[in-house]
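Listed below are the residues making up each chain.
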Amino acid sequence: MREKSEIRLKEDFRYVENRTLLGKKLVVGLKNSNSYVQIPEKYRESFYTFVYKIQNNLTRNRLSDQEMTLYELFRKHGYFEGAKDVRPSFNEYNSLVKVFWKMDFPKSGTSEVMRWKKGIVYCLFFLICVLGTLIFFQNYQYVDYVIDLRKFSVLEIVLSITLVPCLIDGIHEFGHFVMARLLGIEPKDINIGFFVTWPVIYIRYKGLNLNSTLDKVCVLSGGVIGHLAGIVIGKCLLMAGVDSNVLSIWIVANVSMIVSNLLPGLPGDGYFILASVIGIFNLRYKGYKNLFLVLKNGRKLFSKDVICPAIMLGLWIHSFIGIFKSMDYYGKVFMIQGDVIIIAGIIYVAILAARFLWKLSKMRRQFEVVN
């Protein structure tokens, strides 16, 4: 007889079935520690019977083989009461940001949001997407806006390279924050660090991956919504008679941030929205891992393990194209000669290609911690 004494799940244990392009994904985990794991499809029914037994103190009864497997999985991840706190699950964004300051967010008392209230938020989100698309294309001419630094005063240059970037990051994170609060998702901590070489401010949220796909898409799109608000604010100031080079920089920056954040080839909001809609956590990193396995073991081209590498390679090609388009854009904005832009783009792509090959050579050690 396989019997277990009375066990209970931790209070912040959550589970959700996400509707994705690759089918329903059952995700379980702990809200407060941001620990989560996907339950394979073949264990779906056993999961619900196992949780039912736990909730009704029936774990002293015989557990099936699949329920025993789930029991060991939960025990390993510390999901039962009395277990030690577990570290957060691997998140590739956190691995890209070097944090040098972090502060726990004040307890907000966020509670579950009623379904009808979420429905209102979803409708509002859809409306903003429609209006935002119109606002963006009405201001798309700022993509070709030429910045002539010779017309800037010293103060305007200082403000453009200090205050504007801080405000841009701030309005971006505020957009994420507002969407999360509207959906009842509680902030965990606020972080300041560097994303590669760019200074960033970002907020982490408790159990974000333990929410529905639509909730995650709304929260991840919040940054872009913040930049849409930034464009509206800038245009209102222009109509009010405020005319300054800094204001033009502000509008240009918000327009370009929308473009760069929605590009799925870059590790920004667009990429994480894509990963959520597809239903694969850490898509890019798993793509590296599986590509390594395909190349090493010669796995069949059309096996399921090729899905992540294929998407990842597509994102890389898309990002290379985006790099040259970005270089061309900055060349027009800052009036830099075309040859210089092409050479800089080739150097940048070469560096990324070398980084790509370097990552492939370090797959075994790098992916030991990936779920």
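Structure's up top.
The paragraphs below set out a description of the structure included in this document. This one's a predicted model, so the numbers in the text were calculated from it and none came from an experiment.

With that out of the way, let us pick up the packing of aromatic side chains. Scanning the model with the defined rule gives 15 aromatic pairs in all. Their ring planes at 50° and their centres at 5.5 Å tell us that F13 and F74 sit as a pair that is tilted. In this pair, F13 is assigned in strand β1 (residues 13-20) and F74 in helix α2 (residues 65-77), connecting sequence segments 61 residues apart. Owing to a relative accessible area of 10%, F13 belongs among the buried residues under this scheme. Given a relative accessible area of 0%, F74 falls into the buried group. Following the ring pairs from residue to residue traces out a cluster consisting of F13, Y15, F47, Y48, F50, Y71, F74, Y79 and F80.

In this section: the environment of N57. Along the polypeptide, N57 turns up in the loop between α1 (44-55) and α2. Spatially, the C-alpha atoms of N57 and E6 are 6.1 Å apart, while their sequence positions differ by 51 residues.

Spatially, three strands are ordered β4-β5-β6 in an open sheet, and the strand pairing comes out antiparallel. Both outer strands of the open sheet, β4 (97-104) and β6 (198-205), are each paired with one neighbouring strand and no more. Averaged over all pairs of adjacent strands, the angle between strand axes in this sheet comes to 25°, irrespective of strand direction. Bridge count for strand β5 (residues 187-195) against β6 is eight bridges, and the pairing is antiparallel. Bridge pairing in β6 places I192 opposite I201.

How each quantity is defined
- Note that residues are indexed from 1 along each chain, following the sequence as it is written.
- Residues qualify for local features only when their pLDDT is at least 70, as the model is predicted, and side-chain atom pairs are given and counted only at 80 or more; totals for whole chains, interfaces and linings, by contrast, use all residues.
- No hydrogens and no water enter the side-chain calculation; it runs on all heavy atoms of the structure.
- Ring pairs shown here join Phe, Tyr and Trp side chains whose ring centres sit within 6.5 Å, with only the six-membered ring taken for Trp; geometry is labelled stacked below 30 degrees between planes, edge-to-face above 60, and tilted in between.
- In DSSP terms, a helix is any run of H or I states spanning at least four residues, a strand is any run of E spanning at least two, and both are numbered starting from the N terminus.
- Partly exposed residues are those whose accessible area sits between 20% and 50% of the maximum for their type, while under 20% is buried and over 50% is exposed, using a 1.4 Å probe and protein chains only.
- Strands pair, by our definition, only if DSSP identifies at least two bridges between them.
- Think of each axis as a best-fit line through the C-alpha atoms, taken over the contacting stretch in the case of a helix, with angles from 0 to 180 degrees between the N-to-C directions.

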